[in-house]
Amino acid sequence: MTVALASLRERNREMGREKYIPLFETKEARGRVFYRLFSVTVFLGICCIWAYRISNIPRKGEDGRWVWIGLLGAELWFGLYWVITQAVRWKPVFRCTFKDRLSQRYKKELPEVDIFVCTANFKIEPPIMVINTVLSVMAYDYSPEKLSVYLSDDGGSEFTFYALLEASKFAKHWIPYCKKFKVEPRSPAVYFASKSNLDNSHHSEQWVAIKKLYEEMEDRIETAITLGRIPEEERFKHKGFSQWDSYSSRLDHDTILQILIDGKDPNAKDIDGCALPTLVYLAREKRPQHPHHFKAGAMNALIRVSSMISNGSIILNLDCDMYSNNSLSIQDALCFFMDEEKSHDIAFVQYPQHFENLTKNDMYSNSLRASFNVEFHGIDSFGGPLYIGTGCFHRRDALCGRKFTKDCKLEWKKDDDHKRLKSILELEEETKSLASCTYEQNTQWGKEMGLRYGCAVEDVITGLSIQCRGWKSVYFNPERKAFAGLAPTTLHQTLVQQKRWAEGDFQILFCKYSPLWHAHGKISLGLRLGYCLFCFWAPTSLLVLYYSIIPSLYLLNGISLFPQVSSPWFLPFAYVISTQYIYNLVEFLWCGGTILGWWSEQRMWLYKRTSSYFFGFVDTILKMLGFTDSTFVITAKFTDEDISKRYEKEIIEFGDSSPMFTILATLAMLNLFCFVGVVNKEIMSGNIFRVYRTMPLQTLLCSALVLINMPLYQGLFLRNDGGKLPGSLAFKSFMGIRLKELYTVVILALLSSLQAVFGIRFVIDREECFSHDIKYEGDTVHVSFVVIKADSTWHYTNDGVDLVVKGPNGDQIHDFRDKISDKFEFMARQRGVHSFCFTNKSPYHETIDFDVHVGHFSYYDEHAKDEHFKPLLDQIWKLEEALYNIQFEQHWLEAQTERQAIVNEAMGRRAIHKALYESAALIGASVLQVYLLRRLFERKLGMSRV
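Residues numbered from 1 in each chain as written. Predicted model: local features only at pLDDT ≥ 70, side-chain atom pairs only at ≥ 80, totals over all residues. Heavy atoms only, no water.

A. Summary view of the overall build of the chain. Looking only at helices and strands, one finds 28 helices and 20 strands in the chain. Here the chain holds 946 residues, and the buried ones make up 53% of them. Sequence separation of at least 24 residues holds for 82% of the intrachain contacts in the chain that already meet a minimum separation of 6. For the chain, the accessible surface area stands at approximately 45,000 Å², while carbon and sulfur atoms represent 58% of it. (Helix = DSSP H or I, 4+ residues; strand = E, 2+ residues; numbered from the N terminus. Buried < 20%, exposed > 50% of the residue type's maximum accessible area, 1.4 Å probe, protein only. Contact = heavy atoms within 4.5 Å. Areas by Shrake-Rupley, 256 points an atom, 1.4 Å probe, with all protein chains shown as cover.)

B. Quick look at the sheet that holds strand β17 (residues 812-819). With antiparallel pairing, 4 strands are arranged side by side in an open sheet as β14-β19-β16-β17. This sheet does not close on itself; its edge strands, each paired only once, are β14 (767-774) and β17. Within the sheet, the average angular offset between the axes of one strand and its neighbour, ignoring direction, is 15 degrees. (Pairing = 2+ DSSP bridges. Axes fitted to C-alpha atoms, helices over the stretch in contact; angles between N-to-C directions.)

C. Summary view of the packing of aromatic side chains. Under the definition given, this model contains 53 aromatic pairs. Ring geometry for Trp537 against Tyr613: centres 5.2 Å apart, planes inclined by 10 degrees, an arrangement best described as stacked. Here Trp537, found in helix α18 (residues 537-557), pairs with Tyr613, found in helix α20 (residues 595-625); they are 76 residues apart in sequence, far enough to count as distant. Here Trp537 matches Tyr613 in class, with each residue buried. Sitting over the ring of Phe562, Arg53 keeps its end group 4.9 Å from the ring centre. Over the face of the ring belonging to Phe24 we find Lys342, whose NZ or CZ atom lies 4.2 Å from the ring centre. (Phe/Tyr/Trp six-rings, centres within 6.5 Å; stacked < 30°, edge-to-face > 60°. Lys NZ or Arg CZ within 6 Å of the ring centre and 35° of its normal.)

D. Region of interest: the sheet that holds strand β5 (residues 256-261). Pairing is mixed in the open sheet, where 8 strands are placed in the order β5-β6-β4-β3-β7-β10-β9-β11. Both outer strands of the open sheet, β5 and β11 (472-475), are each paired with one neighbouring strand and no more. Averaged over all adjacent pairs, the angle separating strand axes in this sheet is 20 degrees, with direction ignored. Here strand β3 (residues 113-119) runs beside strand β4 (residues 147-153); their pairing, made up of 7 bridges, is parallel. Looking at β4, one finds that Phe116 is bridged to Tyr150.

E. Representation of the state of the cysteines in the model. A complete count under the given rule lists 1 disulfide for this structure. Disulfide pairing places Cys769 opposite Cys837 at an S-S distance of 2.2 Å. Classification of the bridge connecting Cys769 and Cys837 rests on its S-S torsion, roughly 115 degrees, and on that basis the disulfide is right-handed. Placement of Cys769 in strand β14 and of Cys837 in strand β19 (residues 832-839) is noted, with a sequence separation of 68 residues between them. Both residues of the pair, Cys769 and Cys837, belong to the buried class. Not engaged in a disulfide, the cysteine Cys455 finds its nearest cysteine sulfur in Cys511; these two sulfurs lie 6.5 Å apart. With no disulfide of its own, Cys535 lies closest to Cys532 among cysteine sulfurs, the gap being 5.8 Å. On the basis of relative accessible area, Cys535 is assigned to the buried category, the value being 1%. (Disulfide = S-S within 2.5 Å.)

F. Main features of unusual backbone geometry. For the bond running from Glu184 to Pro185, omega is -10 degrees, close enough to zero to count as cis. When you line up the elements, Pro185 lands in the loop between α6 (158-181) and α7 (188-194). Its identity is not glycine, yet Lys107 carries a phi of approximately 50 degrees, on the positive side. Phi at Glu650 is positive, roughly 60 degrees, even though this residue is not glycine. Tracing the sequence through the fold places Glu650 in the loop between α21 (641-648) and α22 (659-685). You can call Glu650 partly exposed: its relative accessible area is 26%.

G. Structural view of helix α10 (residues 294-309). For α10, spanning 16 residues, the distance from its first C-alpha to its last is 23 Å, which sits close to the expected 22 Å at 1.5 Å a residue. Among the 16 residues in α10, 12 count as buried, and that is most of the element. With its phi angle positive at about 55 degrees, Asn311 sits one or two positions after the end of α10. (Expected span 1.5 Å × (residues − 1).)

H. Local environment of the environment of Ser821. Note that Ser821 resides in strand β18 (residues 821-827). For Ser821, a relative accessible area of 21% gives the class partly exposed.

I. Main features of the nonpolar core. Ranked by internal contacts, the top residues of the largest apolar core, which has 93 residues, are Leu491, Leu495, Ile508, Leu561 and Leu712. Other than its neighbours up to four places away in sequence, Ile508 contacts Cys455, Val457, Val460, Ile461, Leu464, Ser514, Pro515 and Cys535. Core analysis: the second largest hydrophobic core is formed by 76 residues, Leu147, Val149, Leu151 and Ile221 among them. (Core = buried A, V, L, I, M, F, W, Y, C linked by side-chain atoms within 4.5 Å.)

J. Representation of helix α15 (residues 458-468) in the model. Extensive coverage of α15 is indicated by the burial of 11 of its 11 residues. Residues of α15 that are buried: Glu458, Asp459, Val460, Ile461, Thr462, Gly463, Leu464, Ser465, Ile466, Gln467 and Cys468. Where the residues of α15 are buried, they touch α10, β9 (346-350), α13 (396-399), β11, α16 (491-508) and α17 (525-535). Two residues or fewer after α15 comes Gly470, characterised by a positive phi angle close to 105 degrees.

Here it is as structure tokens:
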């Protein structure tokens with residue numbers, strides 16, 4: 001029994017209130033009976049479709065037998081997947097909290113809360129955005145003595161540290177201002193953008209003053225980043241900057257830990273004399289030879305470091321772009337953790353993601369309306385939602401590996417409050433070791449403690465492992481969203497993000513905590529199906545691809561794969577298709593969407609499953625078979641003015657030549673080709689409506705695919721802006737689309753897309769290091785790089801960058817100086833991780849295209865081979881290596897061509913500007929000359945008159 005519960009019950013006895021009053025309430029959705037009856041009718045229709053497929057399979061030797069069986073397999077899978085989607089819609093629940101009861105019941109006995117904010121790269125995630133998130137959570141309407149905020153900077157950037165240092169000063173003004181005027185939201189940037197006009201009052205005067213302070217702070221941060229250096233007076237003023245003296249790169253540095261505000265210090269006050277929350281900066285130690293496990297590793301380091309500094313019982317973790325939108329979110333979460341009867345088994349409380357920059361019709365379908373407004377409520381009824389990595393409150397002990405037992409009580413009140421025997425310097429030095437890159441060796445961190453390693457979606461697998469230990473979770477979706485962030489603004493960014501999710505969720509099926517077998521008997525069947533709903537994203541892509549290609553091809557050939565309108569078998573197809581699309585539209589509108597938004601969601605449903613999910617599926621299979629390893633991927637989130645304007649106008653942004661776009665363009669052209677071919681054939685036959693009677697569903701499917709792809713056709717042929725698809729992609733997708741070559745074109749497009757994944761493009765400020773694991777000694781390593789462009793339009797130099805290549809033991813293999821581009825190869829003397837470090841001596845950020853390919857004789861490792869097969873295998877290897885070399889050479893030439901195009905364009909602009917300036921100078925000189933001659937003539941004329 002906890003101290004808090006004992007004191008509460010004592011107070012209840014004294015006041016004569018023995019009746020239990022809950023802190024939160026759970027309500028089931030209304031009208032579920034009618035929906036379940038509707039679902040049963042749809043399932044009967046699906047069974048009829050299966051019966052039609054099975055009873056009408058062509059006999060052996062007949063045309064289309066295997067295609068028919070393929071359609072049967074696809075429809076069986078779609079039907080079973082539909083059953084899973086109904087499981088999470090069967091009995092959704094909705095939660096509501098009673099914060100007033102919480103404050104009356106516990107008053108000053110509320111627990112300490114640690115807030116983790118994670119950032120990785122100041123070039124991709126601007127420091128000003130990061131500190132707005134930090135300031136929004138520092139200003140929570142919660143006792144500051146019990147609030148600690150930690151910023152994990154996995155990029156180890158002194159610019160991010162400088163921004164946080166500036167934020168710690170601004171917080172002394174911002175926090176009392178927020179509490180005085182009940183500011184919402186408490187992100188300064190968002191608040192000032194939404195409050196442009198205030199009444200002429202005392203509040204208005206303070207608003208102007210606090211805004212001026214914010215703009216001055218923002219100015220200092222932006223100036224430091226632009227100049228590429230921290231002001232010297234700040235360096236001398238704060239000891240924290242000295243920790244960068246031994247800094248090599250963002251992947252090679254010591255632990256940097258600074259307690260900027262100590263909440264236990266009686267001198268840490270705001271301008272009103274009130275206490276401030278604890279504020280800590282952490283950049284964990286990183287070394288190239290040690291894996292750092294990305295965000296999961298950063299979170300685990302934060303868990304350990306915070307246990308020494310504040311050790312809050314509740315942990316909130318946020319992405320750096322998800323600011324607090326509701327200052328009372330902590331109290332809402334605590335209602336679920338502190339209820340006397342229903343809270344003992346709750347491990348975490350998950351809030352939905354909400355994005356503030358969505359367009360009216362959400363053209364990239366980033367809001368995930370169905371997931372957050374319907375499916376997560378359904379999963380909540382079976383034991384709790386998934387952990388999605390941000391906006392989640394955790395019990396510390398559950399996150400650290402504790403199993404649930406009936407005596408899992410949590411002591412909210414600590415006896416050591418406000419007691420600290422060590423100085424800040426001593427505490428920092430002792431705590432640094434907890435964030436070292438070797439601390440986790442031979443421990444359970446990443447396995448049974450903290451966030452799990454080895455999965456692209458470490459958050460989801462961590463939540464699943466917690467639930468498998470007996471805990472439950474809660475999904476809370478309040479009317480005022482708790483957190484708000486930024487969604488991707490281009491199609492490529494969206495598809496890359498979705499690929500990572502699909503790949504990670506698919507990996508969960510084969511991991512230790514698989515919901516198919518490991519979770520059996522540990523979590524409910526409904527919750528297992530809820531996880532499978534997302535884990536099956538990737539394999540579903542194969543069947544969507546099949547359905548997007550085969551019916552259209554057979555439509556062009558005049559072969560029917562579905563029943564005619566006159567057949568009674570047509571009815572189940574018509575009923576299932578029409579009712580599902582109508583229900584989907586109604587559900588989308590109920591979730592706050594628009595009709596155009598629903599149409600955009602249908603388009604993105606297709607795009608994600610034929611590109612992102614397909615790549616996620618293939619990558620997962622290749623990694624499981626050992627053909628590929630996890631590769632480094634840098635996704636820059638640059639959004640220039642033109643892209644922003646097109647995004648606001650809801651014009652789809654293609655822009656890049658992405659392998660995903662190759663698949664989308666090929667499928668779009670295939671369906672357009674089939675549709676036009678059928679129409680042309682029917683017009684020539686003089687009976688244009690025959691195909692609609694004999695093959696209505698195939699015609700409808702092909703027509704729908706053509707309509708959905710209209711923006712893609714515009715990007716290929718009609719648009720002239722920077723967001724159009726490259727012309728070369730249009731040629732590749734259209735070339736060779738003929739009946740006899742169609743399968744070959746599709747396969748080649750998919751293969752070429754997969755091969756194009758390995759090259760990367762990144763932006764370098766001072767130094768960037770990458771690593772590549774070479775499996776076998778004696779492998780040939782091919783390397784190429786091209787400096788594409790500089791950030792400055794006027795910058796053009798032949799200085800180039802430096803590249804140092806080191807082996808597994810740190811021995812230097814190659815050293816290139818002042819190179820704009822190069823292409824070379826070397827033989828690996830040792831197997832292991834090789835590092836490639838670029839150094840930029842220019843004051844400008846440079847964009848570099850970098851590619852690595854490793855050639856290996858795979859059959860050399862096998863000892864027994866038939867002598868007749870060896871020559872064949874030798875030729876196959878040579879052909880494969882030749883194809884890779886061609887691709888490698890093509891990648892390098894494309895980068896060279898792009899660089900030259902940018903240089904030519906920049907030189908052209910400079911030539912035009914120079915000509916304009918020279919013309920202006922000549923005109924000015926001419927005007928001055930005329931003026932002087934005129935004055936001279938007037939003086940001569942005056943003298944002659946005298």
